[in-house]
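Read off the chains here:
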Amino acid sequence: MTINLRKSDAKEPFTFVFVNAEGKTIVKSENYAQKASAKNGIESVKKNCQDDDRYELKESSNGKPFFNIKSTNGQIVGTSALFADEAERSAAIAELKADSAEAEVSE
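Residues numbered from 1 in each chain as written. Predicted model: local features only at pLDDT ≥ 70, side-chain atom pairs only at ≥ 80, totals over all residues. Heavy atoms only, no water.

Caption draft 1: Just the pairing of strand β2 (residues 14-19), in detail. In terms of burial, β2 is largely enclosed, as six of its six residues are buried. The alternating pattern of β2 places Phe14, Phe16 and Phe18 and Thr15, Val17 and Val19 on opposite faces, both of which are buried. For strand β1 (residues 2-7) and β2, the ladder comprises six bridges, and the chain directions are antiparallel. Note that in β2 the partner of Asn4 across the bridge is Val17. Taking the residues between adjacent antiparallel strands as the criterion, β1 and β2 are bridged by six residues. The pairing of β2 with strand β3 (residues 25-28) spans three bridges and is classified as antiparallel. (Buried < 20%, exposed > 50% of the residue type's maximum accessible area, 1.4 Å probe, protein only. Helix = DSSP H or I, 4+ residues; strand = E, 2+ residues; numbered from the N terminus. Pairing = 2+ DSSP bridges.)

In structure tokens:
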């Protein structure tokens, strides 16, 4: 797993994406004004994704399952991609738990 820290021309230009070994996006962030805040968000995802209570399992308007990861204060720190079914979502959560702690940040 790799974490891609990106900068765009947006008003809040910093975002990050957790990408698995196959190149699929697992979790993406909101936009951050400061690079340091985005890095804190990465650490929050790494920490909170280990706790089942931090996952909010959802369904999109088109019926595709996805999840949010919340911090201890209830703020969403990451939102997953949309998955084909609940089994794929569960596999992505397991992969995130297993691989995120050792994931390197790429800028």
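Caption draft 2: Summary view of the packing of aromatic side chains. If you walk through the whole model with that rule in mind, you get four aromatic pairs. A ring pair is formed by Phe67 and Phe83, whose centres lie 6.1 Å apart and whose planes are at 10°; its orientation type is stacked. Of this pair, Phe67 sits in strand β5 (residues 65-70) while Phe83 sits in the loop between β6 (76-80) and α2 (86-99); the two residues are 16 residues apart in sequence, bridging distant segments of the chain. Residue classification places Phe67 among the buried positions, given a relative accessible area of 0%. Residue Phe83 is classed as buried on the basis of its relative accessible area, which comes to 6%. (Phe/Tyr/Trp six-rings, centres within 6.5 Å; stacked < 30°, edge-to-face > 60°.)

Caption draft 3: Just the pairing of β6, in detail. As judged from the two bridges shared by β3 and β6, these two strands associate in the antiparallel manner. Its bridge partner being in β6, Lys28 is matched across the sheet by Thr79. In this structure, β5 lies alongside β6, joined through three bridges in antiparallel fashion. By the bridge assignment for β6, Ile69 is matched with Gly78.

Caption draft 4: Main features of the sheet that holds β5. The mixed open sheet is built from seven strands, whose spatial order is β4-β5-β6-β3-β2-β1-β7. Each edge of the sheet is formed by a strand with only one pairing partner; in this case those strands are β4 (55-59) and β7 (104-106). Strand-to-strand, the axes of this sheet are offset by a mean angle of 25°, without reference to chain direction. Strands β1, β2, β5, β6 and β7 of the sheet are contacted by helix α1 (residues 35-48), whose axis makes an angle of about 30° with β2. The strands touched by α2 are β2, β3, β4 and β5; relative to β5, the strand with the most contacts, the crossing angle is about 30°. (Axes fitted to C-alpha atoms, helices over the stretch in contact; angles between N-to-C directions. Contact = heavy atoms within 4.5 Å.)

Caption draft 5: A look at the environment of Asp52. Looking at the element boundaries, Asp52 is found in the loop between α1 and β4. Considered as a pair, Asp52 and Lys97 are 45 residues apart in the sequence and their alpha carbons are 9.6 Å apart.

Caption draft 6: Expanded view of α2. Between its first and last C-alpha atoms α2 spans 20 Å; for 14 residues at 1.5 Å apiece the expected length is 20 Å, and the two agree. Listed as buried for α2 are Arg89, Ala92, Ile93 and Leu96. Along the axis of α2, the buried residues cluster in a sector spanning 100°; they form a single face. Away from its buried face by more than 90 degrees, α2 exposes Ala87 and Ala98. Structurally, the start of α2 carries an N-cap: the backbone nitrogen of Ala87 is 3.2 Å from a side-chain oxygen of Asp85. (Expected span 1.5 Å × (residues − 1). Arc of directions from axis to C-beta. Polar contact = N/O pair within 3.5 Å; in protein donor to acceptor, adjacent residues only side chain to side chain.)

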